[in-house]
Amino acid sequence: MAPDAILFLVSQPYLKGRRLKALQAALTRACPVPCAVVRMEGREAGPMTALDTLAGEGARNILVQPVGIPFSDSLFAWLPGALAHWQRERGFEGELALAADQIGDEAVLAAIARSSLDRAAEAVTIDPDQGAIDGAGWDEVPEHRHHLLVCTGPRCNFRESGPLKAVLAEELTRQGVARECLVATTGCLFPCNNGPVMAHYPAGNWYRLRDADDVARFVSTVLKNGQTLPEFLIHEVSQ
Ligand code: FES
């Protein structure tokens, strides 16, 4: 049976929001059936939310299509189980299928090669006299007491970690400790099964923060009152 909806999965940690929106708009225009385009790493809602939306709109035969050539082998090996997890957890009774990436599709590869030649005139010519790897404002380490590393890797994002960075930023401001914190997003920190993962230094404690309530408790208990939250702790770095 032909799919009645497609979930396009993009794996690209450094994609700017503006470029992601352009890709979402173009794929949505081109796709003949309802679709969603989701980045697997980042700050947006993740694949489970997109599947919920498609299923909620009535899709009963959803194709999941990795976008990008080549798509990550590691993610591709993990996705069947993760998708099955969503299917079982939500009680989805339709069909869910995972397509291969297009590395073996000669027509797609030929189109890329042709397009490269067609658009060569638009390419930026590199001037050797303009060589520079330093940028403005990249000299100083910002003042901070707490360094927070928020994982935005694909497996944490599948557990809806994406919006947590924004929630954390709001909570730090609301509780008056934003200026003491240096927040950085990271790729996979490895204990994915305990996601969404956030590491706190110099304390050396790693936490699982699942939602906005967990984030609020972390900020008030750990950052403001200097205590730990044993129930959220997943790892302590030995000093
Ligand atoms: S994706 Fe977050 S720890 Fe692996």
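Residues numbered from 1 in each chain as written. Predicted model: local features only at pLDDT ≥ 70, side-chain atom pairs only at ≥ 80, totals over all residues.

## A few points about the packing of helix 6 (residues 164-174) against helix 7 (residues 212-224)
No. 1: At a minimum axis distance of 10 Å, the contact between helix 6 and helix 7 shows a crossing angle of 40°. Between helix 6 and helix 7, the crossing angle belongs to the class labelled oblique. The hand of the helix 6/helix 7 crossing is right-handed. Along its contact with helix 6, which presents Leu 164, Val 167, Leu 168, Glu 171 and Leu 172, the element helix 7 presents Ala 212, Val 215, Ala 216 and Val 219. (Axes fitted to C-alpha atoms, helices over the stretch in contact; angles between N-to-C directions. Helix = DSSP H or I, 4+ residues; strand = E, 2+ residues; numbered from the N terminus. Parallel < 35°, antiparallel > 145°, perpendicular 65-115°, else oblique. Left-handed = near helix turned anticlockwise from the far one by under 90°. Contact = placed C-beta atoms within 7 Å.)

## Some thoughts on helix 4 (residues 106-118)
No. 1: Over its 13 residues, helix 4 runs 18 Å from end to end, which matches the ideal 18 Å to within 8%, given 1.5 Å per residue.
No. 2: For helix 4, a buried count of 0 out of 13 residues is recorded, marking the element as mostly open to its surroundings. (Expected span 1.5 Å × (residues − 1). Buried ≥ 20, exposed ≤ 12 C-beta atoms within 10 Å, placed from the backbone.)

## Here we look at the domain arrangement of the chain
No. 1: Domain boundaries assigned for the chain yield domain 1 (5-101) and domain 2 (146-236).
No. 2: Here the C-alpha centre of domain 2 lies 25 Å away from the C-alpha centre of domain 1.
No. 3: Opposite the 15 residues of domain 1 that make contact, domain 2 presents 12 residues.
No. 4: Secondary structure elements with two or more residues in the side of domain 1 that touches domain 2: helix 2 (47-56) and helix 3 (73-90). (Domains from an automatic or database assignment.)

## Let's talk about the sheet that holds strand 2 (residues 35-39)
No. 1: Ordered by their spatial adjacency, 4 strands build an open sheet running 2-1-3-4, and the pairing between neighbours is parallel. Two strands in the sheet have a free side with no partner beyond their single neighbour: strand 2 and strand 4 (95-98). Within the sheet, the average angular offset between the axes of one strand and its neighbour, ignoring direction, is 20°.
No. 2: Alignment of strand 1 (residues 5-10) against strand 2, held across 5 bridges, turns out to be parallel. (Pairing = 2+ DSSP bridges.)

## Thoughts on the sheet that holds strand 9 (residues 233-236)
No. 1: The mixed open sheet is built from 5 strands, whose spatial order is 6-5-7-8-9. Where the open sheet ends on each side, the last strands, each with one partner, are strand 6 (181-186) and strand 9. Shown here is a sheet whose adjacent strand axes are inclined to one another by a mean of 20°, direction ignored.
No. 2: Sheet topology note: the strand 5 (residues 146-151)/strand 7 (residues 197-201) ladder contains 4 bridges and is antiparallel. In the sheet register, Leu 149 faces strand 7, and the bridge partner there is Ala 199.
No. 3: Running over the sheet, helix 6 touches strand 5 and strand 6 and is turned about 180° from strand 6.

## Here we look at unusual backbone geometry
No. 1: Cis geometry is found at the peptide bond from Gly 195 to Pro 196, where omega equals -5°.
No. 2: Among the structural elements, Pro 196 can be located in the loop between strand 6 and strand 7.
No. 3: A cis amide bond links Tyr 201 with the next residue in sequence, Pro 202, at an omega value of 10°.
No. 4: Locating Pro 202 in the fold gives a position in the loop between strand 7 and strand 8 (205-208).
No. 5: The phi dihedral of Glu 160 falls on the positive side, at around 65°, and the residue is not glycine.

## Considering the nonpolar core
No. 1: Counting residues in hydrophobic clusters, the biggest one holds 20 residues, and the most contacted among them are Leu 7, Ala 36, Val 38, Leu 54 and Ile 62.
No. 2: Contributions of two or more residues to this core are made by strand 1, strand 2, helix 2, strand 3 (61-67) and helix 3.
No. 3: Among the elements that make up this core, the one with the highest residue count is strand 1 (5 residues).
No. 4: In this structure, Leu 54 is in contact with Ala 5, Leu 7, Pro 34, Ala 36, Ala 59 and Ile 62, ignoring residues within four places of it in sequence.
No. 5: Ranked by size, the runner-up nonpolar core spans 18 residues in total, among them Cys 156, Leu 172, Met 198 and Leu 209. (Core = buried A, V, L, I, M, F, W, Y, C linked by C-beta atoms within 7 Å.)

## Things to note about helix 7
No. 1: Between its first and last C-alpha, helix 7 extends 17 Å over 13 residues, near the 18 Å set by a 1.5 Å rise per residue.
No. 2: Where helix 7 is buried, its residues touch strand 5, helix 6, strand 6, strand 7 and strand 8.
No. 3: Looking one or two residues past helix 7, Gly 226 carries a phi angle of roughly 70°, positive in sign.

## Let's talk about the pairing of strand 4
No. 1: Note that strand 3 and strand 4 share 4 bridges and pair parallel. Bridge pairing in strand 4 places Val 64 opposite Leu 98.
No. 2: The handedness of the strand 3 to strand 4 crossover, carried by helix 3, is right-handed. (Right-handed = clockwise from strand over helix to strand, strands pointing away.)

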